[in-house]
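As a plain string of letters, each chain reads:
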Amino acid sequence: KSKKNVVDPEAIIERYGADTARWFMLSATPPERDIEGTESGVEGAWRFTQRLWRLVNDAAREGAPGEPEGATGAALDLRRTAHRALEAVTGDLMNLRFNRSIARVYELANAVGAALQSADRSEPMRRSLREAAEIMVLMAAPMMPHLAEECWKELGHLIPVVDTPWPKADAALVADD
């Protein structure tokens, strides 16, 4: 307030939606510090909201439901990235470090995007892609509950994301070689 940079959250919600407003506010800074409100920051959150929707829809079309057994190479790397992000986000959320959680969701989104761009459409990759997309949606759900519900439906789930238990990271995939 002292810098005269107050952004009315109602204006952001009206223009971009509640999930974008929440994502922007939680990603901007740790909760104990003041938010530096900028239009470009809000627009960046909006772009990511759209990107998450596209990635999940693409993964729903490409990814195959089921356990990604036998994953090697890029498919195994994607699984490791997803489970490491999940473990980190679980700890960050428990400690109210929302901005760090959001950074992990961005990292996983980049990995999912790269997997979707690759030519690998083997069954292990398709299943790993689906698993990573589901983990990404569950990790984003505390910060973007409305979008997460819609994404969860796109992935074919009948039980709402809010009623879905928090996933557990696979210790074997999180461990460093």
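Here's what I pulled together on the structure shown here. Not measured: the values here are computed from a predicted model.

1. Quick word on the overall build of the protein
Of the regular secondary structure elements, the protein holds eight helices and zero strands. When the helices and strands of the protein are listed from N to C terminus, the series reads α-α-α-α-α-α-α-α. Counting only residues that meet the buried cut, the protein has 41% of its 177 residues in that class. A separation threshold of at least 6 residues defines the contact pool for the protein, and within that pool the share at least 24 residues apart is 75%.

2. So, the nonpolar core
By size, the foremost hydrophobic cluster in this structure holds 47 residues, and its most contacted members are Trp23, Leu52, Leu78, Leu108, Val112, Met136 and Met139. Looking at this core, the elements that each hand over two or more residues are helix H1 (9–16), helix H2 (18–28), helix H3 (39–62), helix H4 (73–94), helix H5 (98–117), helix H6 (123–140) and helix H7 (145–154). In terms of residues, this core owes the most to one element, H6, which gives 10 residues. In this structure, Leu108 is in contact with Thr81, Ala82, Ala85, Ala132, Ile135, Met136 and Met139, ignoring residues within four places of it in sequence.

3. Observations regarding the environment of Leu52
Following the sequence through the fold, Leu52 ends up in helix H3. With a relative accessible area of 2%, Leu52 lands in the buried category. In this structure the C-alpha to C-alpha distance between Leu52 and Ala109, which are 57 residues apart in sequence, comes to 7.2 Å.

4. Examining the packing of H6 against H7
Packed helices, taken two at a time, are described by the angle their axes make and the gap between the axes. Relative orientation of the contacting elements H6 and H7 amounts to 160 degrees, with a least axis distance of 9 Å. On the basis of the axis angle, H6 is roughly antiparallel to H7. Where H6 crosses over H7, the two elements pack in a sense that is left-handed. On the side of H6, the interface is formed by Glu134, Val137 and Leu138, while H7 contributes Ala148, Cys151 and Trp152.

5. Section: H5
The terminal C-alpha atoms of H5, which comprises 20 residues, lie 29 Å apart, in line with the 28 Å expected from a rise of 1.5 Å per residue. Every buried residue belonging to H5 is among Ser101, Ile102, Val105, Leu108, Ala109, Ala111, Val112, Gly113, Ala115 and Leu116, and all of these are buried.

6. Brief notes about the packing of aromatic side chains
Inspection of every chain in the model, using the stated rule, returns three aromatic pairs. Between Trp23 and Phe48 the ring centres are 5.3 Å apart and the planes differ by 10 degrees, which places this aromatic pair in the stacked class. Of the two residues, Trp23 sits in helix H2 while Phe48 sits in helix H3, which places them 25 residues apart along the sequence. Classification of Trp23 by relative accessible area gives buried; the value is 0%. Among the aromatic residues, those joined into a cluster by ring pairs are Trp23, Phe48 and Tyr106.

7. Some thoughts on the pattern of salt bridges
The final tally for this structure, using the stated rule, is 13 salt bridges. The salt bridge partner of Asp19 is Arg22, with a shortest N-O separation of 2.8 Å. Pair noted here: Asp19 and Arg22 are both in helix H2, with a separation of three residues, about one helical turn. Taking relative accessible area as the criterion, Asp19 reaches 7% and is therefore assigned buried. Lys153 is paired through a salt bridge with Glu150; the nearest N and O atoms lie 3.5 Å apart. Of this pair, Lys153 and Glu150 are both found in helix H7, three residues apart, which corresponds to roughly one turn of the helix. Classification of Lys153 as exposed rests on a relative accessible area of 52%.

8. Remarks on unusual backbone geometry
Glycine aside, residues mostly have negative phi, and peptide bonds are mostly found in the trans state. One non-glycine residue, Leu96, adopts positive backbone phi at about 55 degrees. Its location among the elements puts Leu96 in the loop between H4 and H5.

9. Things to note about H7
Along H7, the positions that sit buried rather than exposed are Leu147, Ala148, Glu149, Cys151 and Trp152. At the C-terminal side of H7, Gly156 shows a positive phi close to 90 degrees.

Calculation notes
- Every chain's residues receive numbers from 1 upward, in the order its sequence appears when written.
- For this predicted model, a pLDDT threshold of at least 70 governs which residues receive local features, and a threshold of 80 or more governs which side-chain atom pairs are given and counted, while totals over whole chains, interfaces and linings are taken from all residues.
- Each side-chain value is derived from all of the structure's non-hydrogen atoms; neither hydrogens nor water enter the calculation.
- Secondary structure elements are defined from DSSP: runs of H or I of at least 4 residues count as helices, runs of E of at least 2 residues count as strands, and each element is numbered from the N terminus.
- Each residue is assigned to one of three classes by its accessible area relative to the maximum for its type, calculated with a 1.4 Å probe on protein chains only: buried under 20%, partly exposed between the two thresholds, exposed over 50%.
- Whether two residues touch is decided by their heavy atoms; if any such pair falls within 4.5 Å, the residues are in contact.
- Each nonpolar core is a collection of buried residues, namely Ala, Val, Leu, Ile, Met, Phe, Trp, Tyr and Cys, held together in the definition by side-chain atoms within 4.5 Å.
- To obtain each axis, a line is fitted to C-alpha atoms, and for helices this fit is confined to the stretch in contact; angles are then taken between N-to-C directions over 0 to 180 degrees.
- Every angle not falling under 35 degrees, over 145, or within 65 to 115 is termed oblique; those three ranges are roughly parallel, roughly antiparallel and roughly perpendicular.
- By the definition used in this description, the sense in which the near helix is turned from the far one sets the handedness, with an anticlockwise turn below a right angle giving left-handed and a clockwise turn giving right-handed.
- The span one expects for a helix is its residue count, reduced by one, times 1.5 Å.
- Pairing of aromatic side chains here covers Phe, Tyr and the six-membered ring of Trp, requires ring centres within 6.5 Å, and sorts the geometry by plane angle: under 30 degrees stacked, over 60 edge-to-face, intermediate tilted.
- What makes a salt bridge here is a side-chain nitrogen of Lys or Arg within 4 Å of a carboxyl oxygen of Asp or Glu, nothing more.

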